[in-house]
Amino acid sequence: MQAPELPRYLRRLRSRPLSATAPPTASRSSRPDDTWLATGHAHGHHGEILQGAFRVNGGLIRGLVTLHCPALWSEATVALERDAAGGLQVEPRWKTKALRAVGLTLDRLGIQDVGGAVTIASNIPPGHGYGSSTSDVAAAIDATLRALRHSLARETIAELAVAAEGASDATFWDQPVLFAQRRGHVIEDYKSPLPPMEVLAFHTAPDGTGIDTLALPVPRYDDGEIERFEQLRSSLRVALARCDARGVAAVATESARLNQRHLSQPGFDEITATARRVGAIGVQVAHSGEVGGLLFEAGPGSEGSIERARDELEGRGLRPWRFNPRRVPAAA
């Protein structure tokens, strides 16, 4: 399988050309004396299948179900030393959340008086809803743990990520979970993989400058919306248990529609109309970004629909690209 044909606006890798290659594998761990070196990686996402507020033990907790995108990734390399002059530094310097994640991980392990360099490489443009911050943070934590030859539970890593960035995504779990993005714990583990699906992805605001997720007003959901989120949570549980791609897509479409009141996606009505015309099974969005996707059942029967959708989206000035949320792309 060829890697997805990422559009030019996603080709912003600092340290190497993207050239449609697979994400790097965590590697290089050494520990000579009081110096530690390792590389870790994490993948990004393409918005959410479901996001809202959910009833838990008599209260409400905000949660989301992430749509994984293995074609997008971050790589972190840490070079740590005892008593290093200058403490911890990160490159690029604005990747402060990843730097904070390394410090929090060292604190969690009870390791003090360690400094050094953290280097981040990524093909994820920040601020559009692809999970660039979480990917950087997760890769930095992974690299730190590898360098020091420690391990932590995913739940602990998720808590560190939320502490580092304020709100995080659920990319620490390979399968769908309902994740409390501002608390760092799983509300519900669906214990089922995502059905085979293909996503025709696009940036809903091709000329947009991005969105600062943490600067957005926290949505204030009304009682009707909260009741609908509970119904969608139940519907998603059933669809995943049955490996029902159409059921999952129906949940994603309704969640995207509900989100329009809180963060309107440009051209949403046209996007859903395109989905109906070309035979897509649904749509999904980044609920706090500028990302949209048409959903299709995986298999040769969908190829014609995907190509018709591509032609229509390109005709409206969008730049679609395709990925499989369950599959890491092979090298070209």
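Below is a short write-up of the structure. Just so it is clear, the model here is predicted, and its values are computed rather than measured.

1. Concerning helix α7 (residues 303–315)
Item 1. Taking 1.5 Å of rise per residue, the 13 residues of α7 would be expected to cover 18 Å, and the 18 Å separating its terminal C-alpha atoms lies within 8% of that figure.
Item 2. Residues of α7 that are buried: Ser305, Ile306, Ala309, Arg310 and Leu313. Across the axial projection of α7, the buried residues extend over an arc of 140°, all falling on one side. Facing away from the buried surface of α7 by more than 90 degrees, the exposed residues are Asp311 and Gly315.
Item 3. Elements in contact with the buried residues of α7: β8 (197–203), α6 (268–278), β10 (291–297) and β11 (321–323).
Item 4. Immediately downstream of α7, the backbone of glycine 317 shows phi near 85°, a positive value.

2. A word on unusual backbone geometry
Item 1. Here the residue pair glutamate 91 and proline 92 is connected by a cis peptide bond, since its omega of 0° sits within 30 degrees of zero.
Item 2. Considering the arrangement of structural elements, one finds proline 92 in the loop between β4 (88–91) and α1 (96–108).
Item 3. Despite not being glycine, asparagine 57 shows a phi value in the positive range, around 50°.
Item 4. Along the chain, asparagine 57 falls in the loop between β2 (35–56) and β3 (59–82).
Item 5. Judged by relative accessible area, which is 81%, asparagine 57 ranks as exposed.
Item 6. Of note, aspartate 113 is a non-glycine position whose phi angle comes to about 55°, a positive value.

Cut-offs and rules
- Residues numbered from 1 in each chain as written.
- Predicted model: local features only at pLDDT ≥ 70, side-chain atom pairs only at ≥ 80, totals over all residues.
- Heavy atoms only, no water.
- Helix = DSSP H or I, 4+ residues; strand = E, 2+ residues; numbered from the N terminus.
- Expected span 1.5 Å × (residues − 1).
- Buried < 20%, exposed > 50% of the residue type's maximum accessible area, 1.4 Å probe, protein only.
- Arc of directions from axis to C-beta.
- Contact = heavy atoms within 4.5 Å.

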